[in-house]
Amino acid sequence: MNRIQLVIFIFFVSFSLPFSAQTDDMVKEDFQASSVNQPGKEFPKVNSEGRVRVRVKAPKANNVQLDIGGVKYDLKKNDEGVWTGESAPQDEGFHYYQLNIDGASVPDPGSKYYYGAGRWGSGIEIPAQDQEFYEVKDVPHGSITENIYFSEITKDWRRNFVYLPPGYFENSEERYPVLYLQHGSFEDETGWASQGHANLILDNLIAADEAKKNDCGYG
């Protein structure tokens, strides 16, 4: 192999790896069920390294992959037709993912479904160092209301969600500041509460006296 061929070969291998990767052999076996699994489902799981492990039964499939973070990871099938495998460590926070079964991208039946990347699909939460910031606590909680309205601009029925702080209905005469949150590309109005935990963040900030009703920080 001459020098030019060697360079091309190295480039090809480096370029190809991100699209179908294998995880390291040394994987910490401290996996726990994801916090956003369907009720009663054991998988998907997350370990302390941030790896995502999935399992799906597809006895007639020839190839099954976990597709997360723009990388596809090959799963292995056992004698019962159950495919299992995990990803490389993922960044902290929420991730969309899907399973690829013989070329067809499908949601994981073990996870809850979220709207993101322009479709309804699977999601998983990689525990974050600051997750205490948005966890459910024993504090007064506000409410999220769904509002249906007709848009004169789009000439169509639309909806929005409004967070109302604790005590809102007991103080109906009080005026509150408003913060408008608009979702990102290929997401929708459900994202700020379901994926972003915006209501829990606000509940905790208000309870900690770090957000005031006379500030323009929530509404």
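Below you will find a few notes about this structure. This structure is a prediction, so every number in the text was calculated from the model and none was measured. (Residues numbered from 1 in each chain as written. Predicted model: local features only at pLDDT ≥ 70, side-chain atom pairs only at ≥ 80, totals over all residues. Heavy atoms only, no water.)

Membership of the largest hydrophobic core comes to 17 residues, with the highest contact counts inside it found for Val 52, Val 54, Leu 66, Ile 68 and Trp 83. Those elements giving two or more residues to this core turn out to be β3 (52-57), β4 (64-68), β5 (71-74), β8 (93-101) and β11 (119-126). Grouped together as the second largest cluster of nonpolar side chains are eight residues, Ala 128, Ile 201, Leu 202 and Ala 211 included. (Core = buried A, V, L, I, M, F, W, Y, C linked by side-chain atoms within 4.5 Å. Buried < 20%, exposed > 50% of the residue type's maximum accessible area, 1.4 Å probe, protein only. Helix = DSSP H or I, 4+ residues; strand = E, 2+ residues; numbered from the N terminus.)

On to a nonpolar patch on the surface. Judged by side-chain polarity, Ile 148, Phe 150 and Trp 157 come together as a nonpolar surface patch covering roughly 360 Å² of accessible area. Along the chain, the position of Trp 157 falls in strand β13 (residues 156-164). (Patch = residues over 30% accessible without salt bridge, like charges linked within 9 Å, V, L, I, M, F, W, Y side chains within 5 Å. Areas by Shrake-Rupley, 256 points an atom, 1.4 Å probe, with all protein chains shown as cover. Salt bridge = Lys/Arg side-chain N within 4 Å of Asp/Glu carboxyl O.)

One pass over the structure, following the stated rule, counts nine salt bridges. For Lys 155, the salt bridge identified is with Glu 152, shortest N-O distance 3.0 Å. Taken individually, Lys 155 and Glu 152 each receive the classification exposed, so the pair is uniform in this respect. Between Arg 159 and Glu 189 there is a salt bridge, with its nearest N and O atoms 2.5 Å apart. With Arg 159 in strand β13 and Glu 189 in the loop between β13 and α2 (191-194), the pair connects residues that are 30 residues apart, well separated along the chain.

Attention shifts here to the environment of Ser 105. If you trace the backbone, Ser 105 turns up in strand β9 (residues 104-106). For the pair Ser 105 and Val 64, spaced 41 residues apart in sequence, the C-alpha separation works out to 9.8 Å. Dropping the residues within four chain positions of it, Ser 105 is found in contact with Gln 98, Leu 99 and Asn 100. Separated by 3.4 Å, the side chains of Ser 105 and Asn 100 make a polar contact. (Contact = heavy atoms within 4.5 Å. Polar contact = N/O pair within 3.5 Å; in protein donor to acceptor, adjacent residues only side chain to side chain.)

Secondary-structure assignment places Asp 188 in the loop between β13 and α2. For the buried Asp 188, no salt bridge is present, and the opposite-charge side chain at shortest range is Arg 159, 4.3 Å distant. Side-chain polar atoms of Asp 188 contact the side chain of Thr 190, separated by 2.5 Å. Residue contacts for Asp 188: discarding those within four places in its chain leaves Tyr 115, Trp 120, Arg 159 and His 183. (Lys, Arg positive; Asp, Glu negative; His and termini not counted.)

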